[in-house]
Amino acid sequence: MSVAVVAHCDWSMEQKKRWMAVAIKRGGQWHFQSPELVGDTSRLLDRLQHRAVNPGALLIGFDFPIGLPEAYARAAGVGSFREALISFGSGFWSDWYNVADHRDHISLQRPFYPARPGGTARHLLDALGISDASSLLRICERATADRQAACMLFWTLGGNQVGKGAISGWREIIVPRLNEIGLWPFDGNLAELAGSKPIIITETYPGDVYRQIGMPRNGWSKRRRQTGYGWDRVYCLGLQRGRTSIPVCFSRLSTMASALTKQARIVSMPSSDCWACSMSLTASGVKAFRQSMPSINGRAGSWGTIVMM
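Everything quoted here is computed from the prediction, not taken from an experiment.

Procedures and definitions
- Residues numbered from 1 in each chain as written.
- Predicted model: local features only at pLDDT ≥ 70, side-chain atom pairs only at ≥ 80, totals over all residues.
- Heavy atoms only, no water.
- Phe/Tyr/Trp six-rings, centres within 6.5 Å; stacked < 30°, edge-to-face > 60°.
- Helix = DSSP H or I, 4+ residues; strand = E, 2+ residues; numbered from the N terminus.
- Buried < 20%, exposed > 50% of the residue type's maximum accessible area, 1.4 Å probe, protein only.
- Lys NZ or Arg CZ within 6 Å of the ring centre and 35° of its normal.
- Core = buried A, V, L, I, M, F, W, Y, C linked by side-chain atoms within 4.5 Å.
- Contact = heavy atoms within 4.5 Å.
- Expected span 1.5 Å × (residues − 1).

Q: Describe in detail the packing of aromatic side chains, supporting the description with residues and values.
A: Inspection of every chain in the model, using the stated rule, returns 17 aromatic pairs. With centroids separated by 5.7 Å and ring planes inclined at 85 degrees, the aromatic side chains of Trp-11 and Phe-62 adopt a geometry described as edge-to-face. Of this pair, Trp-11 sits in the loop between strand E1 (3-10) and strand E2 (19-26) while Phe-62 sits in strand E5 (residues 57-62), placing them 51 residues apart in sequence. Judged on exposure class, the residue Trp-11 and its partner Phe-62 are both buried. Every member of this aromatic cluster is reached through a ring pair, and the members are Tyr-72, Phe-81, Phe-88, Phe-92, Trp-93, Trp-96, Tyr-97, Phe-112, Phe-154, Trp-170 and Phe-186. The ring of Trp-11 carries the charged tip of Arg-18 above its face, separated from the ring centre by 3.8 Å. Here Arg-147 stacks its cationic end above the ring of Tyr-205, 4.4 Å away from the centre of that ring.

Printed below as a string of C-alpha cells:
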C-alpha cells in the first residue's frame, strides 16, 4: 500500500487561522489543491481520507510539536511517546493538559507553564529539575546555521510559544484516533506505516521546508504583500530537489500564485506554510530527517522529526 492523499495543516489556537493544503494522487500524478481552512477537526481525518482516488493511506503533517524532550522524558520516566499519549490527561497524569497558573503548580505531571504573564522560564526549569533551557529542546528544535532555535515545548506564553498548540493538536487530532494512526517515525518508516495504518501523522517545520525548496526566508513575509516573486516557479523547482522528480498538476495554479502574492485575505493566513509543506511531504524522495538522540528504554521516544525532501 502507498500514500494516496497528502496534507499539511498550519496549526493555530484559533480555528479561523488554521489552513491546510492537500495533494491527491490520481493515477501516477499528484494534484495540488488550493489552500483551504481546516474546519471541524473532529472530522478532519475522515474528510481527507474520503478525498482519495487511488487506494492508499493519508499522510498528514502538522507544525505543532510531536514528541518530548529527552531530558524531560527521562526525568518523568516516559519510555514511549505513544504510550505516554494514552496516559496523558487521566489518572496519575490527569493534570498534564492543564497549564500551570503558578510556579508552585508546575510538576513533571503538569509541565506546561505559564497560564498568564508573570512567569519565567527559570520557574519552569527549576520546578522540573532541568538545569538549562536547551535541555528542554529536542535536538531537531535547536538552532542550526539556517534558523534560530524553536521555543521549548512546555512554554505557553508569547507569540512564538508552541505549548498550547501541542496541547490542542494532541487532544483534537492524535489522541482520539491513536489506534488508527501511525506516528512517523516513532512507529516505523514511511513504507511500513503506509502498509499497516490508514493514517500517518508527522511533524513538519515550515522554516526548514522553505530552504529545501529554494525559497529564501529573508526579505519577504507570508503576511504582507509580495510582488513578482514567482511562487509557481519556485514551488515547481522545489519539487525537483528531491531524489526523484514527481509528476504534478497544480489545480488553478494561477489563482493560487495570485492569492499568495497579492494582498488578499488568504495572505493574512499561513497559506504559504501549508502549501510548501504539503509539497515537501509529497515528494517521492520524502524522508524523515532524524537528528540522532539516545533511545529511552530501547525506544526513540523523545526525539522529533522535521520532514525534508
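Q: Provide a residue-level description of the nonpolar core, including the pertinent values.
A: Counting residues in each nonpolar core, the largest one holds 56 residues, and the members touching the most others are Ile-60, Leu-68, Trp-96, Phe-154, Trp-170, Ile-174 and Ile-201. The element contributing the most residues to this core is helix H5 (residues 163-174), with 5 residues. Each residue touching Trp-96, except ones within four places of it in the same chain, is listed here: Leu-68, Tyr-72, Phe-88, Gly-89, Leu-108, Gln-109, Pro-111, Phe-112, Phe-154 and Trp-170. Residues Trp-30, Phe-32, Trp-184 and Leu-190 belong to the second largest nonpolar core, which totals 12 residues.

Q: With reference to specific residues and values, describe H5.
A: The end-to-end C-alpha distance of H5 is 15 Å, a good match for the 16 Å that 12 residues give at a rise of 1.5 Å each. Of all 12 residues that make up H5, 9 are buried, and the element is covered over most of its length. When we look at burial in H5, the residues that qualify are Gly-163, Gly-165, Ala-166, Ile-167, Ser-168, Gly-169, Trp-170, Ile-173 and Ile-174. Close packing links the buried residues of H5 with helix H1 (44-49), E5, helix H3 (81-87), strand E6 (181-183) and strand E7 (199-203).

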